[in-house]
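# Observations on the model geometry
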Amino acid sequence: MRYKLKTIYLAHFKVGMLLNLWVSAYFTYFFWTRGFDKYPLYTLALIFKVTAYGLGLASEKLLAPKREFYYRNMGIGYRRIFGTLYIADLLLFILVLIISATCRNFI
Amino acid sequence: MQELYIDSASHRFGSRLILSSVFLNCKVGEVVGLLGRNGSGKSTLLRIIFGSLNPDHMHLKLNGELIRKGYLTREIAYLPQDFFIPQRLKVGVALKLYVNRYKSELLAMKIIGENLNTPIGELSGGQRRLVECLLVLYSDSTFILMDEPFSQLAPSAIEELHGHIERLKPVKGFVVTDHYYRQILAVSSRIVLLHNGCNYAIGNEEDLILHGYLPDRR
């Protein structure tokens, strides 16, 4: 299953993953320069993350060629594909924020 | 005995009733031929079983257990009417994604072995269809749903496909639908006709004439 998901992400979701990583990197920089105690920034970051997730989902469903049966014949549905990708991305973003906040406190 | 079973399948597209309490079952070792006129609901029924279409009502069971979507069990594979593997994907990668148990058998086949590094979109239409058929047939799933597998294939490739189905019959169950009804009659252990939203068991070609699937030329 891991190989299947890895192949799917690398073959068809590179742009979506880059967009999500860019949003994460941009907001990490924002937090680093403005401080981690600006609470409205967290809401803004969440809005941008959700927008990026929505764009990824919309581009797959509306713009990409139909791949429904290609995924489903592997026993994988869209919920699994997007769920795994977005949960991993969100966890990575939170982890990066925690590490940056800790490092900034030391500096 | 492993069995795929769907009962009371009903579905409407808008106000048009496509399926009305349809029943279909398939056991391992069986090839069920599904016939019907255009728009009779053959593909709809297969898509409902596979889980890519939510019906108005159905009971779907796999080996006695109630399931909601066939594909989530990984025991059901579906060959749609159109190409389904992205054209940039190499044949070798597709093989790795779909086939584990019968990988060596597929690698021994000329059309697979010689094209492992070829993107599937670079094959001719017939070759691409045959490769997709083989990947679905030899996939790890026990039940194989095939929607018009013989269209786009040359007669020799159709014969080859018959051979593969016969070979895998002892360990898999098949539901096959196509408009080449002679091919379906040749490969199937039993025939089901979808007509007016209902299913009819078919014994011979006379029954197909009786239900209006074939023209009466007598």
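Quick note: structure is the one above.
Criteria and thresholds
- Residues numbered from 1 in each chain as written.
- Chains lettered and ligands numbered in written order.
- Predicted model: local features only at pLDDT ≥ 70, side-chain atom pairs only at ≥ 80, totals over all residues.
- Helix = DSSP H or I, 4+ residues; strand = E, 2+ residues; numbered from the N terminus.
- Buried ≥ 20, exposed ≤ 12 C-beta atoms within 10 Å, placed from the backbone.
- Contact = placed C-beta atoms within 7 Å.
- Nonpolar A, V, L, I, M, F, W, Y, C, P; charged D, E, K, R; others polar.
- Expected span 1.5 Å × (residues − 1).
- Pairing = 2+ DSSP bridges.
- Axes fitted to C-alpha atoms, helices over the stretch in contact; angles between N-to-C directions.
- Core = buried A, V, L, I, M, F, W, Y, C linked by C-beta atoms within 7 Å.

All right, on to the overall build of chain A then. Helices and strands together make up the secondary structure of chain A, namely 5 helices and 0 strands. Mapped in sequence order, the helices and strands of chain A form the string α-α-α-α-α. If one aligns the C-alpha atoms of chain A with their principal axes, the spans along those axes are about 50 × 25 × 15 Å. Out of the 107 residues in chain A, the part that is buried amounts to 18%. Across chain A, the fraction of contacts at a sequence separation of at least 24, relative to all contacts at a separation of at least 6, is 80%.

Chain A puts 13 residues into the contact, and the matching count from chain B is 17 residues. For the side of chain A that touches chain B, the secondary-structure elements that each account for two or more residues are helix H1 (2-12) and helix H4 (68-72) of chain A. A per-class count over the side of chain A that touches chain B returns 5 nonpolar, 4 polar and 4 charged.

On to helix H5 (residues 78-106) of chain A, then. With 29 residues, H5 of chain A should reach 42 Å at 1.5 Å per residue; the first-to-last C-alpha distance of 42 Å fits that figure. Among all positions of H5 of chain A, only Ile81, Leu85, Asp89 and Phe93 of chain A are buried.

All names here are of chain B. Pairing in this open sheet of 6 strands is mixed, and the strands run E6-E7-E8-E3-E9-E10 from one edge to the other. The strands lining the two open edges of the sheet, one partner per strand, are strand E6 (76-79) and strand E10 (198-202). Strand-to-strand twist in this sheet, taken as the mean axis angle between neighbours without regard to direction, amounts to 20°. Of the pairings in the sheet, the one linking E6 to strand E7 (residues 143-147) comprises 4 bridges and is parallel in character. Bridging from a neighbouring strand, Ala77 pairs with Ile144 of E7. The strands touched by helix H1 (residues 42-50) are strand E3 (31-36), E6, E7, strand E8 (173-177) and strand E9 (190-195); relative to E7, the strand with the most contacts, the crossing angle is about 150°.

One finds Ile49, Ile76, Leu135 and Leu145 of chain B to be the most contacted residues of the largest nonpolar core, which totals 68 residues. By residue number, the principal contributor to this core is helix H5 (residues 125-137) of chain B, which donates 7 residues.

Attention now goes to the sheet that holds strand E1 (residues 3-13) of chain B. Residue and element names in this part refer to chain B. Judged by pairing direction, the sheet is antiparallel, and its 4 strands sit side by side in the order E2-E1-E4-E5 without closing on themselves. If you trace the sheet from one side to the other, it starts and ends with strand E2 (16-27) and strand E5 (65-67), each paired once. Here the strands of the sheet are splayed against their neighbours by 25° on average, with no regard to which way each runs. Note that E1 and E2 share 8 bridges and pair antiparallel. Across the sheet, Tyr5 pairs through a bridge with Asn25, a residue of E2.

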